[in-house]
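# Structural characterization, general
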Amino acid sequence: LNMGWLYLYTDEPDKAAENLEKLAKISPDSKESHHLAGAIYQYLEQDKDAVVEFKAALSNQASQQAAPDSKLYFDLATSLHKLHQDTEALSALNQGLSLVPESDTNTQTNFLFSICSAEYGLKNFERALKNCQKAVSITDDPEEQGHITDFMENMKLLQNLEEKN
């Protein structure tokens, strides 16, 4: 399993898929095999297929009483957002964020910024702004703070344009 993720992270999806085939023979319906399959589809920009696999992983997570996995929710939300299914993406992000320890500010920042983006996609400007501001307040990374602040400024400009139209 770890080799499959390693191959995926080093831009070798073919090798990741080979590793997945081996895993599927050992544990065909495991949370892990579905999560990796979803990640491979996501890497290949086949987000509809990725969503199916991520949802299967979540279903198996519950039935196998496996520990909840915030990354799985984040990956699901990412594919849903790409498919413009922001309401469902927002739900997955909130579920995933609830699993992130307060001490893990990097992961919290990623979730909060993604929630901001999903809220913006749903035209919930005030909630989007609130989540972006919270993300800025908890990250120690000045570059990340700048990126989120720039997004907020652009969001405000676009909101003003929409209000004028």
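Structure report, in brief.

Scoring rules and cut-offs
- Residues numbered from 1 in each chain as written.
- Predicted model: local features only at pLDDT ≥ 70, side-chain atom pairs only at ≥ 80, totals over all residues.
- Heavy atoms only, no water.
- Phe/Tyr/Trp six-rings, centres within 6.5 Å; stacked < 30°, edge-to-face > 60°.
- Helix = DSSP H or I, 4+ residues; strand = E, 2+ residues; numbered from the N terminus.
- Buried < 20%, exposed > 50% of the residue type's maximum accessible area, 1.4 Å probe, protein only.
- Expected span 1.5 Å × (residues − 1).
- Salt bridge = Lys/Arg side-chain N within 4 Å of Asp/Glu carboxyl O.
- Core = buried A, V, L, I, M, F, W, Y, C linked by side-chain atoms within 4.5 Å.
- Contact = heavy atoms within 4.5 Å.

### A few points about the packing of aromatic side chains
- Going through the model one piece at a time under the given rule, you end up with 4 aromatic pairs.
- Measuring from ring centre to ring centre gives 5.1 Å for Phe 74 and Phe 111, while their planes differ by 70°; the resulting arrangement is edge-to-face. Placement of the pair is Phe 74 in helix α5 (residues 70-82) and Phe 111 in helix α7 (residues 105-121), with a sequence separation of 37 residues.
- Judged by relative accessible area, Phe 74 falls into the partly exposed class, the value being 23%.
- Aromatic ring contacts, followed pair by pair, group Phe 113, Tyr 120, Phe 125 and Phe 151 into a single cluster.

### Examining helix α9 (residues 142-164)
- Helix length check: α9, at 23 residues, gives a terminal C-alpha distance of 33 Å against a target of 33 Å (1.5 Å per residue), a fit within 8%.
- When α9 is considered as a whole, its buried residues turn out to be Ile 148, Met 152, Met 155 and Gln 159.

### Description of the pattern of salt bridges
- According to the stated counting rule, one finds 5 salt bridges in the structure shown.
- The salt bridge partner of Asp 69 is Lys 31, with a shortest N-O separation of 3.9 Å. Here Asp 69, found in the loop between α4 (47-63) and α5, pairs with Lys 31, found in helix α3 (residues 31-43); they are 38 residues apart in sequence, far enough to count as distant.
- Given the relative accessible area of 8%, Lys 31 is considered buried.
- Of the charged contacts in the structure, one is a salt bridge between Asp 75 and Lys 71, with a shortest N-O distance of 3.0 Å. Taken together, the residues span about one helical turn, with Asp 75 and Lys 71 both in helix α5 at a distance of 4 residues.
- When its relative accessible area of 5% is taken as the criterion, Asp 75 is described as buried.
- Classification of Lys 71 by relative accessible area gives partly exposed; the value is 33%.

### What about the environment of Glu 18?
- Note that Glu 18 resides in helix α2 (residues 13-26).
- For Glu 18 and Tyr 7, which are 11 residues apart along the polypeptide, the C-alpha to C-alpha distance reads 9.8 Å.

### Observations concerning the nonpolar core
- Among the nonpolar cores identified, the biggest contains 33 residues, and Leu 76, Leu 93, Cys 132, Ile 148, Met 152 and Met 155 are the most heavily contacted of them.
- Looking at this core, the elements that each hand over two or more residues are α4, α5, α6 (86-97), α7, α8 (125-138) and α9.
- If sequence neighbours within four positions are ignored, Leu 76 has contacts with Val 51, Phe 54, Lys 55, Leu 58 and Ala 92.
- Membership of the second largest hydrophobic core comes to 5 residues, among which are Ala 16, Leu 20, Leu 36 and Ile 40.

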